[in-house]
Amino acid sequence: MSNVYKLTVFEPTGEKLLDESFTAENNKLAKEIGHKMLVEKNFLEKTHRCTSPQGSLVLFHS
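What you see is a predicted model, and the numbers here were worked out from it, not measured in a lab.

Asks: Just checking my understanding: could you explain the pattern of salt bridges for this structure?
Replies: Pairing is possible between side chains of opposite charge, provided their charged atoms come close. Following the criterion strictly, the structure yields four salt bridges and no others. Salt-bridge contacts for Lys6 lead to Asp19; the nearest nitrogen and oxygen are separated by 3.3 Å. With Lys6 in strand β1 (residues 3-10) and Asp19 in strand β2 (residues 16-24), this residue pair connects regions lying 13 residues apart in the sequence. You can call Lys6 partly exposed: its relative accessible area is 35%. The salt bridge involving Lys16 is made with Asp19; its shortest N-O contact spans 3.3 Å. Here Asp19 falls in the partly exposed class, since its relative accessible area comes to 37%.

Asks: Please explain the nonpolar core as it appears in this structure.
Replies: Across soluble globular proteins, nonpolar side chains have a tendency to be buried as a group. Residues Tyr5, Leu7, Phe22, Ala30, Leu38 and Cys50 are the most contacted members of the largest nonpolar core, which totals 13 residues. For this core, the elements supplying multiple residues, two or more each, are β1, β2, α1 (27-40) and β4 (57-61). When near neighbours in sequence (up to four residues on either side) are disregarded, Cys50 contacts Tyr5, Lys6, Leu7, Phe22, Ser56, Leu57, Val58 and Leu59.

Rules used throughout
Residues numbered from 1 in each chain as written. Predicted model: local features only at pLDDT ≥ 70, side-chain atom pairs only at ≥ 80, totals over all residues. Heavy atoms only, no water. Salt bridge = Lys/Arg side-chain N within 4 Å of Asp/Glu carboxyl O. Helix = DSSP H or I, 4+ residues; strand = E, 2+ residues; numbered from the N terminus. Buried < 20%, exposed > 50% of the residue type's maximum accessible area, 1.4 Å probe, protein only. Core = buried A, V, L, I, M, F, W, Y, C linked by side-chain atoms within 4.5 Å. Contact = heavy atoms within 4.5 Å.

The values reported here are purely geometric and, on their own, carry no functional implication.
Written out as structure tokens, the structure reads:
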């Protein structure tokens, strides 16, 4: 069963640069997918977070 995860990227001002949802079977796969999305969009060094459907952080960088 796939779960919906949320990936958000912010500027230091709080402006959202990315706010996307994606599906993954578990937190490990969600972390891999989220990391790949950040690399592809050149947002890896920006403040970001990826949350699970239960609200836990899968990825975080401040």
